[in-house]
Each structure stands twice: as structure tokens, then as C-alpha cells.
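Chain residues, written in single-letter form:
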Protein chains: 2
Amino acid sequence: MTTREMAQRAKHDFIALQALPHETKNAALGAIADALLRQEQAIVEANRLDLAEGERTALAPELLRRLKFDHAKIATCVEGIRQLIAMPDPVGRTLWASALDEGLELYRVACPIGVIGVIFESRPDALVQILSLCLKSGNAVLLKGGSEAANTNRALADVIHAAAVAEGVPDGFMHLLTSRGEVGEMLALDEYVDLIIPRGSNAFVRYIMDHSRIPVMGHADGICHVYIDRAADPAMAVDITVDSKTQYVAVCNAAETLLVHADAAAAVLPRLKAALEARGVELRGCARTRAVIDCSAATEQDFHTEYLDYILSIKVVDSLDEAIDHINAYGSHHTDCIVTGDAGAAERFLQLVDSANVYHNCSTRFADGFRYGFGAEVGISTNKLHARGPVGLEGLLTYKYLLCGHGQIVADYAEGRRHFRHTPLDKPYR
Amino acid sequence: MTTREMAQRAKHDFIALQALPHETKNAALGAIADALLRQEQAIVEANRLDLAEGERTALAPELLRRLKFDHAKIATCVEGIRQLIAMPDPVGRTLWASALDEGLELYRVACPIGVIGVIFESRPDALVQILSLCLKSGNAVLLKGGSEAANTNRALADVIHAAAVAEGVPDGFMHLLTSRGEVGEMLALDEYVDLIIPRGSNAFVRYIMDHSRIPVMGHADGICHVYIDRAADPAMAVDITVDSKTQYVAVCNAAETLLVHADAAAAVLPRLKAALEARGVELRGCARTRAVIDCSAATEQDFHTEYLDYILSIKVVDSLDEAIDHINAYGSHHTDCIVTGDAGAAERFLQLVDSANVYHNCSTRFADGFRYGFGAEVGISTNKLHARGPVGLEGLLTYKYLLCGHGQIVADYAEGRRHFRHTPLDKPYR
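Keep in mind the model is a prediction, meaning the values are calculated, not measured.

Section: the pattern of salt bridges
When the charged atoms of two side chains with opposite charge come close together, those side chains can pair.
Inference 1: This structure, assessed with the given rule, holds 57 salt bridges over all chains.
Inference 2: Glu277(A) serves as the salt-bridge partner of Lys273(A), at 3.1 Å between the closest nitrogen and oxygen. Of the two residues, Lys273(A) and Glu277(A) are both situated in helix α11 (residues 262–278); the distance of 4 residues between them amounts to about one turn of the helix.
Inference 3: Relative accessible area serves as the criterion here: at 18%, Lys273(A) is assigned to the buried category.
Inference 4: One connected set of salt bridges, linked through shared partners, spans Asp354(A), Lys384(A), Arg388(A), Lys11(B) and Asp194(B).

Below is the structure:
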């Protein structure tokens, strides 16, 4: 099948998919969980081929670790699917309702978006998570995983497709793309594909954004900040900075830049230096930072850089507002934190920082769908439109307006024979 | 000021604008209403220049009528502003909250989007409506109106800007663009502009979509359908079709195609022909339509056409599902209606038609922000992402997550020393 045919098929089958009863979707999810457990052997063997190829091509140990798909990973995937089954049907929920007039009822009802193109790197668990989220939310998917995981992805996709279709899910609900060429073709199919979700490096996401008219949900950079206010508790400031920087450095919600109020610099910076250097973090400071602690010099470029590594840029600022301006100008509108005991300063920071996640006295690493209690996430969005922050089931939905009447026509209202009432309706569409 | 400077200024001033107290925004809206009334003379004189130029260049009478801005139009604008003042502040509303753990509270809070570029044709009332909606929702605006209304738009923008700034609204909250060149420049400023809302012809909206990386909210086509089911009441079917087609032909929510179930054709089509031809509507039917009534032949292209005129294409279908398939394939996902007395057929239609507005037994002309009770609208969106259908204040908002802690770090949760609770929080952020 060509990529265009897959997309056409997905768009066609989406119509039936979006109307599937909750029981059918849950039965399919249950069958997928069972099939993953039953066919564990075949999946693990396919993964062994990928691992062998990864070792042959000297893939980095971190990537090999992410690529590995074993009994424990399958069990985690199945656990995630069971949680999803327990959640209520997100589709068909009445979000708002109003009686425009007697017997003329307007309902805003949640419904799936359509065909979603997801492109992700390495981790095969992402495939299972994305497919189950899309199935529960009634969306069709075109999916492209990392080529290092080609055998694992194919095995997982085959198991999932067969199990779902046997339960009555339309055949075209998912297609696995297997080459870069197919991804390029998909980016041009704006007639059929409603949304692209890319998960991967900054350069990768930007490439996607620049090469498609299809809306893209996600984030490119994750330049997150911790700002230590003059009224910060020094011990808390150190803990939060260390966690934000080092709890896991290779992720988008790790801190890359530390801002320190001038009045706090002398008390906090030496303690921070000791704690961060003990974890192997290289510090790059502005001139005022280096007047307090010994570290290498930060350039202008450092403050624009997402290191994803054990490096932290540091800048001393004279005021809360200077910190806010720096974050709005240099940040990526992802996740930024203020550490302060001053409620007024916290309030101002939370209000004026224009980011998807804005924190007071806690680590930037909390920005995550699981930690937010969303069950699972398809990614974190720094978009201003649609879903922002960690994106779970809800971000995969749109809505439509249903208006149910008894023959009403606009001429009667336009010519004054009838009048709108706009009475709130406290009942769901069904 | 160059367009880039205007956009930078708007982006900068947005930070203060989005945090304006409700009282300041309402005081500014009140001052704008007063100033419009006080400076009516100057506005009407500016409009006279535009009208004179329009007559000189032989503008169509319909366009001249839309261009005219007199005492009555100003009064309507002021009435709209007063309604907006009475509405609650949409910004800062807590949409959802959860305690991730004791003393670690997550809030999803509504906030404005940023800098919005609005491009509209002719009607100067749209300028007043858009500016007041954006001010109430805390968004900055770059605004380009039709060149036929250049003097009126300039006069209105000057009055509004002066009144708002005198009440403490940041100077850069709005800029009027005055040339096509500036619009072209704005489309390239994705660094500063968060959203484009184009209002105008199909070709115009498509041009905007094709020439910018900035997300576009709105609709190009409005190919709306009325489907007369086999179980339709013939009198109701005629009334709804006549209203959907003729109540105002030049708008996006007017019907362009009529689908008729084969079993209803003989009873309904002759009555429809009489009623529609009495209103001057030209009918273009498929072969099966023409076997029942005398009319011209519809081509394949007719079913793809938004006439915006007294023309209706008609197709006879064999089933409800054929009607649904036709609408999903040929329609523009705007507004589509079923006329039927069969509740099951209505249910299936409402569920399977993939449009922003799906109706049962009422005119397509109801798809409108005022009629939906939204107070005002910036346009109607057929986007799948973000706002869909008529877009009022709510569609001009996004949200951010605020997380308020007491020093919590992720390592404690990752290493099992603390556990997430995810308890629903029934209180607003403030």
C-alpha cells in the first residue's frame, strides 16, 4: 500500500472508529493486552534482532538500553493498557449545553480529531502507549518508529492490529510506516492527516514543522529555568536545582539555566556549586556569577542552549522582573520554576511567565503526563493552540456542536417572530 | 514603525496585557464605548470619505451597504461592548485542579494566547468587535481591514487605542496594518505572532494558509448540506431547506447542496421546487432529481462548489449512509443538517458526520456565535484543533499549568520515598 492509500484508508475507517462503542474499544484494548503477554516470545525475539544490529552498529549504551524490550517492559505496557481500560470513554462526553429556545438544544460534544501521524524515535514502549491512547480516543494513526527498533515495532504492530481487528475495530485504524520516504510523503498528505505528533530531537521536530502544512503538536526545545528569588530558602533552592538539573539530564523538562537574584547569590551559589559538581555538573556562569564562584564563562549562546547533559548555565539578575523577562525571551515556554518564600513574588512569576508549566517551589521534572495523573501521555506540547503541557487522552479530542430542533428556521428569529433564550442546559446529549 | 517592530512591541506588551486586572479591562471597554459615542461625528465623516471613494470606484451596492458606518451601527457596536463588560473575566479561571501529593497542587488555568493577527474585509463593525473581544481576553492584536474602509478603520482604531491606553492598557495591545505588504510581512513573523484569523473569501483564506507557518483559525469553504431523510416531514423539510438556502445567501452557513432520500423524492422535490423557485433559486439536480422535477443538470463540480448565491445543487441518495458519505467527502466540515422524524437515523447522522456543527431538524443558518449565545464571535472555525465552530471569547484562550509546592523533588517519587496521590482538588488557584 502506498502512504497515500494508507492515509485514505485511515481517513475512511476513522468515521466508523470514532463512533465505536466504549465496550468495543475496551474489548480491543483487553485483547491487545492479552496478545502482548501471549506473544511475548515472538516480540522479545524480534527485539533481539534489533539489539544485535544495534550492537553491530555500535549504538550508544543509553540508546541500547531504551531499545531493549523484555518481559518487564511488556508487563509495564500491559499495566498501562489496563489503566486505560478503567478510564471512562472520553468520546461523546457533553462538554456544555444550552437551550437556544424551547425545543432547540445545543450540545458541545467531545469527539476524536481524525487521523494522527506520530513519528517517534527508539523506545518501542512508545508505540504501544500511542496506539492504545489513540484507540481509546477513537483516532486513526499512521505511526513511524525509529529504524533501530524496526523488527520490534513490526512485531508489536502486528500483534496489536490483529488483536484489535478481531474485536471489531476497523482494519484501517493503524498503519505502520517503515521508511523515511513514507514519512516525507505523509507530511504532504494534509488532505487526510489532521495532526502530526513528532517525538524526538529539537532538529527533528523543527524539520517536521518546516516541511508540513499539517498542524504539529509537541515541542522542539526544552530550555527550562529555575529562578532562585531573594526570598528563597537556600536548602530548598539547592534541592530543587539539583533535582531539576540532574534527576534525568536527557529530557525536555530538565533545567538548563539557573537564574539567581543578586541578593541571594553569595549565600546560595557556593552551596549549589558544591552540590552540582558532586553530581558531575559543569557550571557556566555570567560575570557576576564568576565573581562569587569559580566556574567557566557562559556565552550569550549558552542561554539559548538545551544541553540535555550535565551542564548548567547560570545568570545573576537584579530583580524578579529581570528573571521573568529573561525566561520569556530565552526560554522555550516549556517549564519554569521560581523558588521563593515570598507569596507575592510567586504570584507575579506564575502570572507573567508565558510557559506551558509554571512552578513554585518544586522541581521542573514534574512536567510529565504520568506525574500529572493523566495515565499516559503522547508528548508535551508547547503549542499555544489546542493542548498545552503534558498531553493525555484529552488532548487527542476535539468537539463538535450538535443542534437538535423541531423545524426551527432562522428567519423567524431574524424577523422577530421568535426570540433566543440561551438557557443553560444541565443534561448531556445522551 | 515596521511590521516587525509592531509585532515585537505587541509580543512585549502582551505580557502585561495578559495580567491586567478585570476592572482595568472593563474600564477600558467602557471608555471605548463612551469614546465611540462621543466621537461619532469624526467616525461618520471618515466613513463618508470611504463611501465616496467606493461610489467613485463603482463598488457593488451590497459592499457599499456593508461599508456604511452610521449612528445605528455605532450604537450596535456600543451595545456589544456593554454586553462584553457584563461577562466574567475569562482569564485566570481554574479549569481543573489536582493535588499530586499533600502540598503539591496542580492547577490548569485559562490564559490568553498571545499576539493574534486578524485580517478581515470590508465591514468596519468587525474591527470594533475583534478589538473588544481581544482586549477582554487579554490578547494583543495586529489588525488589517479592507482597503475600502481605510479611513473608517483608521478613525475607529485611533479612538479605541486612545481610550484604552488612557485607562492603563499597554500601548502595544493593538496595531492597525494598512497595506497588503504589511500583511505579507506579518505572515512571516511566526516568532511573534501566535495565531492568524482570516475572515474573507475562500481564495483569500487559502492564500493565508499557504503563506504562513503561523497557525490559522477559520474556514475556507462553507459547503453546507441539508439531507432530507425518508422519514422527514415534508413541510418541515421545505421550510428548513428554504431558510438554509435563502435566509441570507452570501454567508458560509447557507446550504449549497440538498440531499434527498429516494423514498422521499417524489413527495418532497415538487414542493421544494415551487418554494425555492418562488425565491429565485436556480436548481441543479442529478439525473434522478431531474426524473422527478424539471431543473438544470448538476455536474460533479457543482457538489464541490460554494455558490454563495441563489443556486442549489440537488442529489438523490439511496440511504442515510450514502448521504453521510457524500457529506464527509464533498462537504467542508462546517454545518450539515438532517431532517427526519426517525430518532435512530438522526442519532447516526449526528454521530457520523464529521463537521463542526451537525444539526437535526433545524436550519444550517443557526451556526453563528450570536445565535449560540456567545455574545460575539471572531469567526467560525472548521479546524480540528483548538476551537471548532463559532469562536467567541473562549476560543481566544489557552491554558497553562501552575504547580505549587513546598520544595518537592522528583527523585523522592522516582525512588519510592514518596507517592503520588492525584486527589481531585475542588478549589480554584485563587
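A look at the relation of the copies chain A and chain B
Inference 1: Mapping chain A onto chain B is achieved by rotating through 180 degrees and translating by 0.0 Å along the same axis, at an RMSD of 0.0 Å. Look at the turn and shift together and you get a two-fold axis relating the two. In terms of proximity to the rotation axis, the leading residue of chain A is His386(A), whose C-alpha is 2.0 Å off the axis.
Inference 2: Here 100% of the interface residues in chain A have copies in chain B that are interface residues too; the copies meet face to matching face.

Digging into the confidence of the model for chain A
Inference 1: For chain A, the average pLDDT comes to 93, and 100% of its residues sit at 70 or higher.
Inference 2: Both scores are available for the predicted complex, with the pTM at 0.90 and the ipTM at 0.90.

Looking at the sheet that holds strand β11 (residues 311–317) of chain B
Inference 1: In space, the 11 strands of this open sheet follow the order β17(A)-β1(A)-β2(A)-β16(A)-β13(B)-β12(B)-β7(B)-β8(B)-β11(B)-β9(B)-β10(B), with mixed pairing throughout. Among the strands making up the open sheet, the edge pair consists of β17 (423–424) of chain A together with β10 (296–297) of chain B.
Inference 2: Here strand β12 (residues 335–339) of chain B runs beside strand β13 (residues 357–362) of chain B; their pairing, made up of 4 bridges, is parallel. Looking at β13(B), one finds that Ile338(B) is bridged to His360(B).
Inference 3: Running at roughly 145 degrees to strand β8 (residues 255–261) of chain B, helix α11 (residues 262–278) of chain B makes contact with β7 (224–228), β8, β9 (282–285) and β11 of chain B of the sheet.

Here's the deal with the interface of chain A and chain B
Inference 1: Each partner contributes residues to the interface: chain A has 74 residues there, and chain B has 74 residues.
Inference 2: With both sides pooled, the region where chain A packs onto chain B buries about 6300 Å², and carbon together with sulfur makes up 56% of that total.
Inference 3: Put simply, chain A and chain B have 5 salt bridges between them.
Inference 4: The partner of Arg213(B) in a salt bridge is Asp210(A), and the shortest N-O contact between them spans 2.9 Å.
Inference 5: If you look at where chain A meets chain B, you find 45 residue pairs in polar contact (both at pLDDT 80 or more).
Inference 6: By residue number, the principal contributor to the side of chain A that touches chain B is strand β16 (residues 397–408) of chain A, which donates 11 residues.
Inference 7: When grouped by side-chain class, the residues that make up the side of chain A that touches chain B number 40 nonpolar, 19 polar and 15 charged.
Inference 8: Inspection of the sheet shows β16(A) paired to β13(B) by 5 bridges, in the parallel sense. Within the sheet, the bridge partner assigned to Tyr401(A) lies in β13(B) and is Asn357(B).

Brief notes about the sheet that holds strand β4 (residues 140–144) of chain A
All names here are of chain A.
Inference 1: Ordered by their spatial adjacency, 4 strands build an open sheet running β5-β4-β3-β6, and the pairing between neighbours is parallel. Of all the strands in the sheet, just β5 (174–177) and β6 (195–199) have a single pairing partner and so form its edges. When strand polarity is set aside, the average angle formed by the axes of neighbouring strands in this sheet is 15 degrees.
Inference 2: With 5 bridges connecting them, strand β3 (residues 115–120) and β6 associate as parallel partners. Residue pairing across strands places Val118 opposite Ile197, the latter belonging to β6.
Inference 3: Helix-sheet contacts for helix α7 (residues 150–166) involve β3 and β5, and the interaxial angle to β5 is about 170 degrees.

Calculation criteria
Residues numbered from 1 in each chain as written. Chains lettered and ligands numbered in written order. Predicted model: local features only at pLDDT ≥ 70, side-chain atom pairs only at ≥ 80, totals over all residues. Heavy atoms only, no water. Salt bridge = Lys/Arg side-chain N within 4 Å of Asp/Glu carboxyl O. Helix = DSSP H or I, 4+ residues; strand = E, 2+ residues; numbered from the N terminus. Buried < 20%, exposed > 50% of the residue type's maximum accessible area, 1.4 Å probe, protein only. Least-squares fit on C-alpha atoms with pLDDT ≥ 70 in both. Contact = heavy atoms within 4.5 Å. pLDDT = per-residue confidence, 0-100. Pairing = 2+ DSSP bridges. Axes fitted to C-alpha atoms, helices over the stretch in contact; angles between N-to-C directions. Buried area = accessible area lost by both parts, 1.4 Å probe. Polar contact = N/O pair within 3.5 Å; in protein donor to acceptor, adjacent residues only side chain to side chain. Nonpolar A, V, L, I, M, F, W, Y, C, P; charged D, E, K, R; others polar.

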